[in-house]
Amino acid sequence: MKYRTVVMYMEIGCFVSCLCGWILVCSTLPTEYWTFSEVGSIVLTTSNYYSNLWKDCISDTTGVSDCKDYPSMLALPVFLHACRALAVCAVITGFFGGVLTLIGMKCTKIGGSEIANARVTFAGGITYLVSGFCGMITYSWWANKVITEFLDPNFRAQKFELGAAVFIGWGGSILLISGGTVLSYFSGKEGLPSSSSQKPRRPATYATARTRRTYMLPASSSRVTLGPPLFYEGRKSRTSRAPTKTTRTTRTFSRDDFV
């Protein structure tokens, strides 16, 4: 199997992985079960409290449930504002990552040359990575706050536990990060060649640079022949074929003559 075919199948697998992760992250935003708490107040009656980034809800064993949005946006803590912003950024960047990856993949043939497609795919992989890290920070920060309050003996308010949405978000973020990493590696290897291969090579020279030691040497010891040896060997062989009265010798100069 050719290398291009292997990379194409790898891009398809990474795109499917990232797409599934993005769908999982999107599904957690409208879900109420980010945190939940069960309180048994009266015999045969149990109240369930659960909440998410946008509202608080309550339900009981009779089947009655009610949800209430947060009354004031400015009165909310900074923690909740940051989680909202990161969750929205995860959804937006994941969408644009999917668009860029679809354009640059080898199987779609929408872009231009192979290098241009690889660079577009690399940009899509980086965008998927940003989406995954935004989601991972959101769910990890939320979980850390819930666990800290639950284990704090001095916390007197109602304690909550982690809901199903946090675990779903962790799974989606892991899919985004893993797929984006592999996608960025293979596309960056093809679309962003290393600078060492493009670096011009220095031509070989027949004379070394002057150092302090060469300045201290006498003039007779620092003599350089101007020209490759093969050139003069050819001239010698040519003179041996057609002998003349005069012989050509190699002209040498002292290093000090060029200063």
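Residues numbered from 1 in each chain as written. Predicted model: local features only at pLDDT ≥ 70, side-chain atom pairs only at ≥ 80, totals over all residues. Heavy atoms only, no water.

S.K.: I'm lost on a nonpolar patch on the surface in this one. Help?
M.R.: Taken together, the side chains of Trp54, Val88, Ile92, Phe95, Phe96, Val99, Ile103 and Ile110 define a hydrophobic patch exposed on the protein surface, amounting to about 700 Å² of accessible area. Take Phe95: it is sitting in helix H2 (residues 78-104). (Patch = residues over 30% accessible without salt bridge, like charges linked within 9 Å, V, L, I, M, F, W, Y side chains within 5 Å. Areas by Shrake-Rupley, 256 points an atom, 1.4 Å probe, with all protein chains shown as cover. Salt bridge = Lys/Arg side-chain N within 4 Å of Asp/Glu carboxyl O. Helix = DSSP H or I, 4+ residues; strand = E, 2+ residues; numbered from the N terminus.)

S.K.: Hey, could you run me through the pattern of salt bridges in this one?
M.R.: A side chain of one charge can pair with a side chain of the opposite charge if their charged atoms are brought near each other. Per the counting criterion, the structure on display carries 2 salt bridges. With a closest N to O distance of 3.5 Å, Glu32 and Lys55 form a salt bridge. Note that Glu32 is positioned in the loop between helix H1 (3-28) and strand E1 (35-42) and Lys55 in strand E3 (residues 55-60), a separation of 23 residues in sequence. Take Glu32: its relative accessible area is 22%, and that puts it in the partly exposed class. The residue Lys145 makes a salt bridge to Glu149 at a minimum N-O spacing of 2.5 Å. Here Lys145 pairs with Glu149, and both are found in helix H3 (residues 114-151), just 4 residues apart, close to one helical turn. Overall, the relative accessible area of 32% leaves Lys145 in the partly exposed class. (Buried < 20%, exposed > 50% of the residue type's maximum accessible area, 1.4 Å probe, protein only.)

S.K.: Looking at this structure, how should I read the nonpolar core?
M.R.: Nonpolar side chains tend toward joint burial in soluble globular proteins. In terms of nonpolar packing, the biggest core is built from 29 residues, with Trp34, Leu53 and Trp142 touching the most fellow members. Of all the elements in the fold, those that place two or more residues in this core are H1, H2, H3 and helix H4 (164-191). Broken down by element, the residue count for this core peaks at 7 residues, all from H2. (Core = buried A, V, L, I, M, F, W, Y, C linked by side-chain atoms within 4.5 Å.)

S.K.: Sorry, what's going on with the pairing of E3 here?
M.R.: Every regular strand shows the same layout, with side chains that alternate between the two sheet faces. One ladder, built from 5 bridges, connects E3 with strand E4 (residues 65-69); its direction is antiparallel. Residue pairing in the sheet places Asp56 in a bridge with Lys68 of E4. The turn linking E3 back onto E4 is made up of 4 residues, and Gly63 within it adopts a positive phi angle of 95°. (Pairing = 2+ DSSP bridges.)

The analysis is restricted to geometry; functional conclusions fall outside its scope.
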